[in-house]
Amino acid sequence: MAAAATATADAPGAGGGSKPCSPSHIPVIGVVTQDEEMQGAFKSMDLNHIIKLLEETDKDDLGEKQLKLVKKLVQCYQNGFPLRDLAQIFKILNLCAGKIKDQHQFLEPALGILKLCGLPFLKKKVSDEITYAEDTANSIALLGELMKIPSSELRIQVCKCIVDFYHAEPLKKHIPGYQQASPSYKVKMVETGGLAQIMVQSVLMLENQLVEKLWVLKVLQHLSTSEVNCTWMVKAQAASSICAHLNDPDPSGQLLFRSSEILWNLLEKSSKEEVIQQLSNLECLLALKEVFKNLFMRGFSHYDRQLRNDILVITTIIAQNPGAPMIECGFTRDLILFATFNEVKSQNPLVKGLKLSNSYEDFELKKLLFNIIVILSKDLPTVQLLIDGKVILALLSYVKKPEKLKIVEWSAAHYEELQLHAIATLSSVAPLLIEEYMSCQGNNRVLAFMEWCEIEDPFFSHGNSFHGTGGRGNKFAQMRYTLRLVRAMVYLEDETVNKDLCEKGIIKQLIGIFKNMISKSNEKEEAIVLEIQSDILLILSGLCEHHIERKEIFGTEGVDLVLHVMRTDPKKIQSGLGYSVLLFSTLDSIWCCILGCYPSEDYFLEKEGIFLLLDILALNQKKFRNLILGIMVEFCDNPKTSAHVNAWRGKKDQTAASLLIKLWRNEEKELGVKRDKNGKIIDTKKPLFTSFQEEQKIMPLPANCPSIAVMDVAENIRAKIYAVLGKLDFENLPGLSAQDFVTLCVIHRYLDFKTGEIWNEVYEEIKLEKLRPVSSDKKTLESITVASENIGKMVASLQSEMIESQARQDVQNEQKVYAKIQATHRQRELDNKSWENFLARTSNAKTLKKAKRLQEKSIESSKYTEPPKNATFHPTVIKGLNTTVPSGRVVTVESTPARLLGGPLADTDIPLKKLPIRGGALQRVKAIKTVSEPKKSIPT
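A brief structural summary. (Residues numbered from 1 in each chain as written. Predicted model: local features only at pLDDT ≥ 70, side-chain atom pairs only at ≥ 80, totals over all residues. Heavy atoms only, no water.)

Quick word on the overall build of the chain
Of regular secondary structure, the chain possesses 45 helices and 2 strands. The proportion of buried residues among the 940 residues of the chain is 44%. Considering only residue pairs separated by 6 or more positions, the chain has 75% of its internal contacts joining residues 24 or more positions apart. When the accessible area of the chain is evaluated, it comes to approximately 52,300 Å², of which 54% is carbon and sulfur surface. (Helix = DSSP H or I, 4+ residues; strand = E, 2+ residues; numbered from the N terminus. Buried < 20%, exposed > 50% of the residue type's maximum accessible area, 1.4 Å probe, protein only. Contact = heavy atoms within 4.5 Å. Areas by Shrake-Rupley, 256 points an atom, 1.4 Å probe, with all protein chains shown as cover.)

Printed below as a string of structure tokens:
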């Protein structure tokens, strides 16, 4: 009403002496709008006065006045708190909470303020969210401090208030002049203020207050959905604090559910390593163990089984930490027992009478137990527990043809997935338990299972799992994982296992499987077939290496398989389907299964195997070069190889020697070796030095450590190229250009240069170690260094001669080409001149007569001045001819028919009187009589 009174007092005619109102001047009546009323409602409370009053303690009747003002404040802000007043309101809340212990009546207004905090905050300007962000974050952080007040109602209301932050609802009533802050604003301010860290600390204070503790866990469950809050919680050791109390009494079951959810979120949204480190202690693992055992043995509901599987996943993540005391707390032994009790009979009371159902949760549990066995097996002390738990026997029970189970009636799809998972688990566990594997007849079971995988039967594979990918309607998935198991066992290089496999005929069996895979291959399962073929070749390589008798068993059938792979279209190698891996396996099998067995080597050569190797080498695939050149070095020990290598021709008729020298140049270019534009040596002291060797300083090393120069031999292909060309004879290499010969000079002296390089390193190391060799040794070292440099100079000189010789040859070839061009131009000029003369004779009568005279003169000059006696002369010139070129013996003119022109001599001085019937040139006749034809009568 104050505004109305002011408006009335200011209106015209309100006081004496004022002019009366005219119709054009309507008096203004003051009206209080709703906007002004709401603003007045927020402004009418002097918050600083309330704070000052709450802080006073020296008056007796002060409590009632304080309480009255706080209640009035709650009533005033029923629609929510403006951001500009938030800092003062929370300070009032904190002061009220501090008085609750002595004056319980302050609890009600404190609860009222907390309830209002659940409403959306209000902003008058768009910029208020940024302007008051710091005050808001600090205010919200004070909610965590209220948890220290020993009031159950207050703590629960604080938790409810925080939970409401994550379930924002729009204002039920629009307040003019104010807008609702964005729904995510409170959540952002919670993250900024670090409320999550304070709430974690409050968990430790509420060990015996179950209801309050559950509310705090609910709050943490909401807070842990944010990465920022999870970081705050991890700093407060939330993982270990929550996990250690998983077994606390809780009839409602909420504690375990909410705690596991919080642990999940911490693992996903914060530093996984740090969370695992917090959980990797005896107290946490004992709590997890007891929870899992209780749920495993006594959990029958769908919810219990899901929670049990969640706990097992969390345990699996913790088990990845080698420092986690899984064995010490007995958890490992229990997990192995639970994983195998279905397949292996046990009298342990934990599993006595225990059965798994065919529910999806129990199916997932079985897979999770297989998975955790793989992780636990990485810790070597676990091996004995795996032996005691008969894990190998339990897993091998799945390596057989599918049949109806007696214990658990899994569906066909579920059993297939468990079978593949068990075989995959065996691949990790069996290599650690060789004796157990052999005692359980592991090889027999595996080979029999492989035989079943190969035969045709009505088995229908579902192929709907991770392990069954690409195996729908076939047995490719079973074959793939079985071969992985065999490969893992073979690569242990345990002679007992490998000998047993060979005696049972695995080499021939694998060759047969490979052949069948070639015929069964199709586009859909191409990647899996390639993986199976690669594994077969790797297994054969592991078995045959160092054993000639096994290489003989591999024989020509195996060589044919290798050649088949090598004939693959080069474009497929880059397809990404697995051809590259298959080719690696094939090259490895050449090294391990063919080299050293002379019949196989000869058969490989007869079938043009060396040609195929060089074809692959010519593809310039860097990943294959080293291995192929190593094979070439070994193959060149066979005297028949050189002819094949020299006979090979690549694109543009490239020879093997030219290809190898080109590879040498490319390798030196990549290594940064100093050469001039013609490939000539620049630094005769260090002709082989790479850019890496230049950057690396020589350091004194122990005798058993290879130096940089020695390591260089193994780290690039130059040594292998030198070895191959050396075995082919440097002097008789076909198809080389001058540039190739320049490079060949360096290759020929590779061993001398490398020897000098190593001796130079030795000399430099002696200097660095400040040792002084005896005179004879010093003289020897200096002479070796000088000799190496002289060889470099000699090679450089030889290269210069070759380059100059080639330059001279190029000049000669260029001159020959120019001479040929000049002759061509000269002949063209003569032809043009002859043509011009011909045209002149045909178009100018004088020129023709002149040419005729010259012809006759030439003919006359060629005759005898005095004819020989008794010689018969025949005229060589036919009179009357108009040609000015010599005529040949026979002139055939195919133009106008003779019957029309009278023959070729009709225009000469030989009279033609009659056309002969036989045609040809007409002859002179003495008399010609013309016979007139009889007139034909015209019929009337």
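Next, the rest of the story.
Section: the packing of aromatic side chains
Within a pair of aromatic rings, the relevant descriptors are the distance that separates the centres and the angle that separates the planes. Counting across every chain of the model gives 17 aromatic pairs. Summarising the aromatic geometry, the rings of Tyr360 and Phe363 are spaced 6.2 Å apart at their centres and angled 50° between planes, so their arrangement reads as tilted. Within this pair, Tyr360 and its partner Phe363 are both found in helix 20 (residues 360-376), separated by 3 residues, close to a single helical turn. An aromatic cluster is built from Phe292, Phe296, Phe331, Phe338 and Phe341, whose rings are joined through pairwise contacts. The ring centre of Phe121 lies 4.5 Å from the NZ or CZ of Lys186, which sits over that ring. The positively charged end of Arg718 is found above the aromatic ring belonging to Trp664, 6.0 Å away from the centroid. (Phe/Tyr/Trp six-rings, centres within 6.5 Å; stacked < 30°, edge-to-face > 60°. Lys NZ or Arg CZ within 6 Å of the ring centre and 35° of its normal.)

Some details on the environment of Tyr360
Look at Tyr360 and you get partly exposed, because its relative accessible area is 48%. The sequence separation of Tyr360 and Gln306 amounts to 54 residues, and the corresponding C-alpha distance is 9.7 Å. For Tyr360, the side chain forms a polar contact with the side chain of Glu364, separated by 2.7 Å. (Polar contact = N/O pair within 3.5 Å; in protein donor to acceptor, adjacent residues only side chain to side chain.)

Observations regarding the nonpolar core
Grouped together as the largest cluster of nonpolar side chains are 236 residues, with contacts concentrated most on Leu143 and Phe604. The dominant element in this core, judged by the number of residues it contributes, is helix 29 (residues 526-544), at 10 residues. With residues up to four places along the chain from it excluded, the contact list for Phe604 reads Val559, Val562, Leu563, Met566, Ile590, Ile594, Gly609, Ile610, Leu613 and Phe635. (Core = buried A, V, L, I, M, F, W, Y, C linked by side-chain atoms within 4.5 Å.)

A short note on helix 40 (residues 718-728)
Among all positions in helix 40, only Arg718, Ala719, Ile721, Val724, Leu725 and Leu728 are buried. Contact partners of the buried residues in helix 40: helix 35 (622-635), helix 36 (641-647), helix 37 (656-671), helix 39 (708-715), helix 41 (738-748) and helix 42 (750-768). Asp729 sits one or two residues past helix 40 and shows a positive phi near 80°.

Looking at the environment of Phe476
Structurally, Phe476 is set in helix 26 (residues 476-490). For Phe476, a relative accessible area of 6% gives the class buried. Between the C-alpha atoms of Phe476 and Ile532, which are 56 residues apart in sequence, the distance is 8.2 Å.

Some points on the pattern of salt bridges
Pairing between side chains becomes possible if they bear opposite charge and their charged atoms approach one another. Counted according to the given criterion, the structure contains 33 salt bridges. Measuring nitrogen to oxygen at the nearest pair gives 3.3 Å for the salt bridge that ties Arg480 to Glu531. With Arg480 in helix 26 and Glu531 in helix 29, this pair connects stretches of sequence that are 51 residues apart. Residue Arg480 is classed as buried on the basis of its relative accessible area, which comes to 8%. Glu531 gets classed as partly exposed once you look at its relative accessible area, which sits at 23%. Among the ionic contacts, a cluster of salt bridges with common partners joins Glu668, Arg675, Asp712, Arg718, Lys754 and Glu757. (Salt bridge = Lys/Arg side-chain N within 4 Å of Asp/Glu carboxyl O.)

Regarding a positive patch on the surface
On the surface, a cluster of positive charge is made up of Lys846, Lys849, Lys850 and Arg853. Counting through the fold element by element, Lys850 comes out in helix 44 (residues 845-861). A relative accessible area of 52% means that Lys850 is categorised as exposed. (Patch = residues over 30% accessible without salt bridge, like charges linked within 9 Å, V, L, I, M, F, W, Y side chains within 5 Å. Lys, Arg positive; Asp, Glu negative; His and termini not counted. Charge placed at Lys NZ, Arg CZ, Asp CG, Glu CD.)

With respect to the side chain of Asn498
Looking at where Asn498 falls in the secondary structure, it is placed in helix 27 (residues 495-503). Residue Asn498 is classed as buried on the basis of its relative accessible area, which comes to 4%. Apart from residues lying up to four places away in sequence, Asn498 is in contact with Met489, Val490, Glu493, Gly542, Leu543 and Arg550.

Structural notes on helix 15 (residues 254-269)
Its 16 residues place the ends of helix 15 22 Å apart at the C-alpha level, agreeing with the 22 Å of an ideal helix rising 1.5 Å per residue. All of the buried residues in helix 15 are Leu255, Leu256, Arg258, Ser259, Ser260, Ile262, Leu263, Asn265, Leu266 and Leu267. Here the buried face of helix 15 lies against helix 12 (210-223), helix 13 (227-235), helix 14 (238-243), helix 16 (272-279), helix 17 (282-298) and helix 18 (302-319). (Expected span 1.5 Å × (residues − 1).)

Here's the deal with the environment of Lys148
With respect to the helices, strands and loops of the structure, Lys148 is situated in the loop between helix 8 (133-145) and helix 9 (152-165). A sequence separation of 54 residues divides Lys148 from Ser202, and the C-alpha atoms of the two residues are 7.4 Å apart. Excluding anything up to four places from it in sequence, Lys148 contacts Arg155 and Met205. For Lys148, the side chain forms a polar contact with the side chain of Glu145, separated by 3.0 Å.

Everything listed here is a matter of geometry and, on its own, says nothing about what the molecule does.
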